[in-house]
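# Structural overview
Here's the letter readout for the chains.
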Amino acid sequence: MQSYYKTVFTNKDHSAPPPEEILFNGKYRACQSDGTIRRCYRDNCNGKLKQPRSRHCGDCQVDRIDFDHHCPWFDSCVSSSTILSFLRACIFMPLTTLCGSIPILRQLIANFKHVRLFSRSDEWIGNVFWDRWYSYPPGPIGSRFIRYVLGYWKYGSSGSNRRILDVRFDVTLVAFLAVIVSIVAIALFRTVLKGVLSAHSSIDIERQKSHKKISEKLKKDPENSSLLRSLKTLEPNEYFKVEDRVFKVDLKVYDLGWYRNYRRAFYGEYRSTLNEDVIADALSKSDNKLE
């Protein structure tokens, strides 16, 4: 619970960018494609410096460093100061659910088996849903789910028809919802942790997917100015400046290996470190273009 509340109630400006620029690897400065300093003018940012990997959250109306995504389940940003508590909350949710369900797990399984048999043989469920044309559109899984819900509802609410087990529809529903929440939490944990270890945030991945889709559309309509603007906005690159030279690098420049990526995300280390191999490759390509 502590991890959950820390993620939800952390101060709104917890990831506001620092006022000074970060000098990467002791010599590189983040910039825009024309070499000017990156600033944010959205909402109340009023021209604050926009550091690499920071994004402006429209829901919170503030820039977040190492912004991953705004989670609707927590109604909070997952960024530099909340990512550790977010992952802890995601892993503790299914563990808490499992520990809480152990005492009633045997009863829930027995109830399910009994209600499944009951829903197959009950005349009312067959007449109302199972033998009707509208039982086919949900598909085999969806129609069975509806049939079991009807079975739990009828068998649990009709005292005269109870035979072996006292089936509680409300308890079963809560247990089912807890399982769904646990599955979502595990999926969120896996996605965010994978992004942390590979130095790709969730928003980076989604922007790359959008960039790829727009690139495919541009092949059919190469003169579309709207698509060209969107493609430039979503390009998966960063710009850095060394002395008077501006160069473009791929987002892989932040990938320092899984261990250092992990230390950067959770402990704030290596925040001003870039992958020199990726930079050298980018500078080499830039030199070839100039020639």
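Everything that follows concerns the structure shown earlier in this document.
Let us look at the structure shown here. Worth saying up front: this structure is predicted, and the values here are computed from it rather than measured.

### Considerations on the pattern of salt bridges
In this structure the tally under the stated criterion is eight salt bridges. Residues E238 and R38 are paired through a salt bridge, measuring 3.0 Å at the closest nitrogen-oxygen approach. Linking E238 in strand 9 (residues 237–242) with R38 in the loop between strand 2 (28–31) and strand 3 (39–40), this pair joins segments that are 200 residues apart in sequence. By the burial criterion, E238 is buried, and R38 matches it.

### Regarding the nonpolar core
Grouped together as the largest cluster of nonpolar side chains are 16 residues, with contacts concentrated most on Y28, F240, F247, V253, Y254, L274 and I279. Residue assignment for this core shows that the elements contributing at least two residues are strand 2, strand 9, strand 10 (245–250) and helix 9 (276–290). Sort the elements by how many residues they give to this core and helix 9 lands first, with four residues. Residue contacts for V253: discarding those within four places in its chain leaves F240, L274, N275, V278 and I279. By size, the runner-up hydrophobic cluster in this structure holds 14 residues, among which are C71, L188, V192 and F266.

### Observations regarding empty space enclosed by the protein
What the rule picks out here adds up to two cavities of 30 Å³ or more. If you add up the space inside the largest cavity, you get close to 250 Å³. R53, D66, V196, S201 and A265 are, among the 20 residues lining the largest cavity, the residues nearest its centre. Listing elements by their share of the lining of the largest cavity, those giving two or more residues are helix 5 (169–198) and helix 8 (258–267). Across the lining of the largest cavity, the residue classes tally to seven nonpolar, five polar and eight charged. Of the voids in this model, the second largest cavity is the one considered here, and its volume is about 70 Å³.

### Some details on the packing of aromatic side chains
Summed over the entire model, instances satisfying the criterion amount to twelve aromatic pairs. When the ring of Y262 is compared with that of Y267, the centres are 5.9 Å apart and the planes differ by 80°; the resulting orientation is edge-to-face. In this structure Y262 comes out as partly exposed when scored by relative accessible area, which is 24%. Ring-pair connections join several aromatic residues into one group, and the members of that group are W258, Y259, Y262, F266 and Y267. A cation over an aromatic ring shows up here: R263 above the ring of Y267, its NZ or CZ 4.4 Å from the ring centre.

Rules and cut-offs
- In this convention, every chain numbers its residues from 1, walking through the sequence in written order.
- In view of the model being predicted, local features appear only for residues whose pLDDT reaches at least 70, and side-chain atom pairs are presented and counted only at 80 or more, with totals across whole chains, interfaces and linings using the full set of residues.
- The basis for the side-chain values is all heavy atoms of the structure; hydrogens and waters are excluded.
- The salt bridge criterion pairs a side-chain nitrogen of Lys or Arg with a carboxyl oxygen of Asp or Glu, the two atoms within 4 Å.
- Secondary structure elements are defined from DSSP: runs of H or I of at least 4 residues count as helices, runs of E of at least 2 residues count as strands, and each element is numbered from the N terminus.
- Buried residues are those whose accessible area, probed at 1.4 Å on protein chains only, stays under 20% of the maximum for their type, while exposed residues exceed 50% and partly exposed ones sit between those limits.
- By nonpolar core we mean a set of buried residues, namely Ala, Val, Leu, Ile, Met, Phe, Trp, Tyr and Cys, connected to one another through side-chain atoms within 4.5 Å.
- When checking whether two residues touch, look at their non-hydrogen atoms; a contact exists if any pair is within 4.5 Å.
- Throughout, the protein atoms alone are placed on a 1 Å grid, and a set of points is a cavity if a 1.4 Å probe fits but cannot get out or a pocket if it is open with protein on both sides within 12 Å along at least five of seven lines; lining residues have an atom within 4 Å of a point.
- Grid points are joined across faces, edges and corners, and a volume is the space filled by probe spheres set on the points.
- Gly is placed with the polar residues, together with every amino acid not listed as nonpolar (Ala, Val, Leu, Ile, Met, Phe, Trp, Tyr, Cys and Pro) or charged (Asp, Glu, Lys and Arg).
- Note on aromatic contacts: the rings of Phe and Tyr and the six-membered ring of Trp form a pair at centre separations within 6.5 Å, being stacked when their planes are under 30 degrees apart, edge-to-face when over 60 apart, and tilted otherwise.
- Working rule: Lys NZ or Arg CZ, within 6 Å of ring centre, within 35 degrees of ring normal, means a charge sits over the ring.

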